[in-house]
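# A structural walkthrough
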Amino acid sequence: MESIISTRGLTKKYNSFTSVNKLSINIKRGTIYGFLGPNGAGKSTTMKMLLGLTKPTSGKFRIDGKKMPEDRIEILREIGSFIESPSYYPNLTGRENLDIIRSILGLKKKDVEEVLELVGLSEFGDRLVKKYSLGMKQRLGLAGALIGKPPILILDEPTNGLDPAGIHEIRNLIKRLPKMYDCTIMISSHLLSEIELIADDIGILNHGRLLFEGSMEELKRTAKAQGIKDDNLEEMFLSMVNVDNYERMQRAVL
Amino acid sequence: MIGLELKKEKRTGVTLVLFITGILGALYVLLNYSIRGDSLLAMPMKPMDILLTQLYGMIMVLNVFALIVATSLVYSMEYSGAAIKKMYILPISMCKVYMSKFLIIISMFLVSVVIQNTALLWIGKTELSKGEFEIVTLIAYTVYTFLTSLPVLSFMLMIALIFENMWVVLGVGVAGFLSGLALATSKTELLLIHPFIVMFKPATAMTSNVNVNTIIIALIETIAFLILGLVISQNKRID
Ligand SMILES: Nc1ncnc2c1ncn2[C@@H]1O[C@H](COP(=O)(O)OP(=O)(O)OP(=O)(O)O)[C@@H](O)[C@H]1O
Ligand SMILES: [Mg+2]
């Protein structure tokens, strides 16, 4: 299957610290790609590079055949995204906030109502966002990504700050999206247990390096080959990270 | 683009601040004249010079602070909820956003200046004797004070873009005002680089004569800060 997002040797250095290290990932069209890694692994940094928020130190990537920074506007037109914390105009209502995004994207009025409904904010659409709870802001951020049904979604920990019922609801929503309309989703998380329920493929990142990329089945096989128990996937992910950390330490000692 | 910016500015009071400044300035003119009009006109100067220069000082102070507040508001709303972060990942040029903010503030400021000077026009028409009131002088002075205010507008918008903390922006504004005030009467031409001093210029003169050099400097500074602001808005990165 053809990749809609592919990176080659993507690297981001902050001074001497390497946040993302020669990352090469492939995200297939029409799939959900779970981007997994512990805190500070470089997930957000990678996503920011894909969106043109930060410049890669080296390496390159293509999104739907287009390149940054030449085709920046074209790329951004195709991507709905949500990075780290929600962003909003506190002086506007939820509905007005989405209307700003709607007019920039040249969408129809009804797209705002549709997406408010989708994320469960219809009831609170006319409340000022500065009066929103954290979870409501998170939903609004998600709505800002989903509005107008963009062909690509880049979602950085979209369930952060939601209550258990909210996590469940949003997870199901995301899982349903590719069936609702034709789209590709890249979603980051700390928890394999969360990702395994929705993702077709996963990429595991640790200290900026890709430890694994492939389907869930392949992950299980790889784990078995490495002598890691596969009855608990979360444990498998953690031990993969631990093994990598251990090897890094060994290298550092030598 | 401007429509979009106006939508964003809802409830921030950006346009309101400038509009109210116009009204307050006009009220100040009317009140001041009704209280000390006679003693003002008794000064050994041309009546038109008295009318324009003696009242402008206070109006200018009002305008300086209105510009400081308005410029800091148009960017604080972008930063306070990190809305600008979302703007960066939407297909929109940050240059155009900056330009729209500039145009909105400059238009509202023009409205405010017109309101203030309408009050002067009214006094001139009703209080000065026929031969003394010169409409051309009033219009020229209005244009002059408007143009000499633009460097502060342009400079402060750039500052508001650069500093994400609104208090820093207000601090720079106040520092600019105070340092400008301290240096306003200095004869050194080089000091006209200071945008606030350009704005103070008409207020420190004893006549309502238009100084063409000051206008040229004002225009150059306005455009220079505008270009600088546009370049910064294009290259600024939010992490
Ligand atoms: N602007 C920056 N300057 C310096 N270092 C940075 C900057 N942004 C990120 N980093 C560093 O890069 C590393 C990766 O950060 P990143 O935010 O991508 O991690 P993450 O995988 O998203 O983690 P989390 O799960 O905590 O969100 C971290 O060590 C972080 O400190
Ligand atoms: Mg992150």
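The sections below set out a description of the structure shown in this document. Keep in mind that what you see is a predicted model, and the values were worked out from it rather than measured.

## Description of the overall build of chain B
Helix and strand counts for chain B stand at nine helices and zero strands. In summary, chain B has a C-alpha radius of gyration of 19 Å against a globular reference of 18 Å for 239 residues, a match within 12%. Here the C-alpha coordinates of chain B stretch approximately 60 × 40 × 25 Å along the principal axes. Within chain B, buried positions represent 52% of all 239 residues. When contacts within chain B are restricted to residue pairs at least 6 apart in sequence, long-range pairs at least 24 apart make up 80% of them. When the 16 basic and 12 acidic side-chain charges of chain B are each reduced to a single mean position, those positions are 10 Å apart.

## Side note on the overall build of chain A
Looking only at helices and strands, one finds nine helices and ten strands in chain A. Here the C-alpha radius of gyration of chain A, 19 Å, is about what a compact globule of 254 residues would show, namely 18 Å. A total of 254 residues make up chain A; the buried ones form 54% of that total. Taking the intrachain contacts of chain A between residues at least 6 apart in sequence as the baseline, contacts between residues at least 24 apart amount to 65%. Put simply, chain A shows about 11,600 Å² of open surface, and 51% of that area lies on carbon and sulfur atoms. Taken together, the 37 basic and 33 acidic charged side chains of chain A have centroids lying 5 Å from each other.

## Brief notes about the interface of chain B and chain A
The interface of chain B with chain A comprises 24 residues on the first partner and 33 residues on the second. Both sides together, the interface formed by chain B and chain A hides about 2,500 Å², and carbon and sulfur atoms give 57% of it. Note that Lys7(B) is salt-bridged to Asp99(A), the shortest N-O span being 3.1 Å. Taken together, chain B and chain A are joined by 15 residue pairs in polar contact (both at pLDDT 80 or more). At the level of secondary structure, the elements contributing two or more residues to the side of chain B that touches chain A comprise helix 1 (2-8), helix 3 (47-80) and helix 4 (83-88) of chain B. For the side of chain B that touches chain A, the element with the most residues is helix 4 of chain B, which contributes five residues. Looking at the side of chain B that touches chain A, its residues break down into eleven nonpolar, three polar and ten charged.

## A closer look at the site of ligand 1
Among the 15 residues in the neighbourhood of ligand 1, the closest are listed as Asn39(A), Lys43(A), Ser44(A), Thr45(A) and His190(A). Looking at what sits near ligand 1, you find residues from chains A and B. Residue Tyr14(A) places a side-chain N or O atom 3.4 Å away from a nitrogen atom belonging to ligand 1. Taking Gly42(A), its main chain carries an N or O atom lying 2.9 Å from an oxygen atom of ligand 1. Those elements that place two or more of their residues in the shell around ligand 1 are strand 2 (17-23) and helix 1 (43-50) of chain A. Ranked by the residues each element gives to the shell around ligand 1, the list is headed by helix 1 of chain A, at three residues. Of the residues assigned to the shell around ligand 1, the class counts are four nonpolar, seven polar and four charged.

## A look at the packing of helix 7 (residues 166-183) of chain B against helix 8 (residues 195-204) of chain B
All names here are of chain B. Orientation of helix 7 relative to helix 8, taken along the N-to-C sense of each, is 55°, at an axis distance of 8 Å. Overall, the two elements helix 7 and helix 8 adopt an arrangement that is oblique. At the point where helix 7 passes helix 8, the crossing takes the right-handed sense. The residues of helix 8 that touch helix 7, namely those facing Gly173, Gly176, Phe177, Gly180, Leu181 and Leu183, are Phe196, Ile197 and Phe200.

## Points about the pattern of salt bridges
A side chain with one charge may pair with a side chain of the opposite charge, provided their charged atoms come close. Residue and element names in this part refer to chain A. Counted by the stated rule, this structure contains 21 salt bridges over all chains. Residue Lys149 pairs with Glu114 through a salt bridge whose shortest N-O separation is 2.8 Å. Of the two residues, Lys149 is situated in the loop between helix 5 (134-146) and strand 7 (152-156) and Glu114 in helix 4 (residues 109-118); the sequence distance between them amounts to 35 residues. The exposure class assigned to Glu114 is partly exposed, which follows from its relative accessible area of 36%.

## Details of the environment of Glu157(A)
Residues and elements named next belong to chain A. Along the chain, Glu157 turns up in the loop between strand 7 and helix 6 (164-180). Residues Glu157 and Phe82, 75 residues apart in the sequence, show an inter-C-alpha distance of 8.4 Å. Not counting residues within four places of it along the chain, the set of residues in contact with Glu157 comprises Lys43, Phe82, Gln138, Ser188, Ser189 and His190.

## Quick notes on the nonpolar core
Soluble globular proteins: nonpolar side chains tend toward being buried together. With 151 residues, the main nonpolar core has Leu98(A), Ile154(A), Leu155(A), Ile185(A), Met186(A), Leu219(A) and Tyr75(B) as its most contacted residues. The element contributing the most residues to this core is helix 3 of chain B, with 18 residues. Taken domain by domain, this core gets at least three of its residues from each of domain 1 (3-78 + 151-214) and domain 2 (86-149) of chain A.

## A word on unusual backbone geometry
All names here are of chain A. Across the junction of Met68 and Pro69, the peptide omega takes the value 0°, indicating a cis bond. Residue position: Pro69 is located in the loop between strand 5 (58-63) and helix 2 (72-78). For Glu84, which is not glycine, the phi torsion reads 50° and is therefore positive. Within the secondary structure, Glu84 is located in the loop between strand 6 (79-82) and helix 3 (94-105).

## Regarding a nonpolar patch on the surface
Taken together, the side chains of Leu16(B), Phe19(B), Ile20(B), Ile23(B), Leu24(B), Leu27(B), Leu30(B), Val111(B) and Trp122(B) make up a nonpolar region of the molecular surface, amounting to roughly 790 Å² of accessible area. With respect to the secondary-structure elements, Leu16(B) resides in helix 2 (residues 14-41).

About the cut-offs
- Residues numbered from 1 in each chain as written.
- Chains lettered and ligands numbered in written order.
- Predicted model: local features only at pLDDT ≥ 70, side-chain atom pairs only at ≥ 80, totals over all residues.
- Heavy atoms only, no water.
- Helix = DSSP H or I, 4+ residues; strand = E, 2+ residues; numbered from the N terminus.
- Rg over C-alpha atoms; globule rule 2.2 N^0.38 Å.
- Buried < 20%, exposed > 50% of the residue type's maximum accessible area, 1.4 Å probe, protein only.
- Contact = heavy atoms within 4.5 Å.
- Lys, Arg positive; Asp, Glu negative; His and termini not counted.
- Charge placed at Lys NZ, Arg CZ, Asp CG, Glu CD.
- Areas by Shrake-Rupley, 256 points an atom, 1.4 Å probe, with all protein chains shown as cover.
- Buried area = accessible area lost by both parts, 1.4 Å probe.
- Salt bridge = Lys/Arg side-chain N within 4 Å of Asp/Glu carboxyl O.
- Polar contact = N/O pair within 3.5 Å; in protein donor to acceptor, adjacent residues only side chain to side chain.
- Nonpolar A, V, L, I, M, F, W, Y, C, P; charged D, E, K, R; others polar.
- Near = heavy atom within 4 Å.
- Axes fitted to C-alpha atoms, helices over the stretch in contact; angles between N-to-C directions.
- Parallel < 35°, antiparallel > 145°, perpendicular 65-115°, else oblique.
- Left-handed = near helix turned anticlockwise from the far one by under 90°.
- Core = buried A, V, L, I, M, F, W, Y, C linked by side-chain atoms within 4.5 Å.
- Domains from an automatic or database assignment.
- Patch = residues over 30% accessible without salt bridge, like charges linked within 9 Å, V, L, I, M, F, W, Y side chains within 5 Å.

By themselves these figures say nothing about function.
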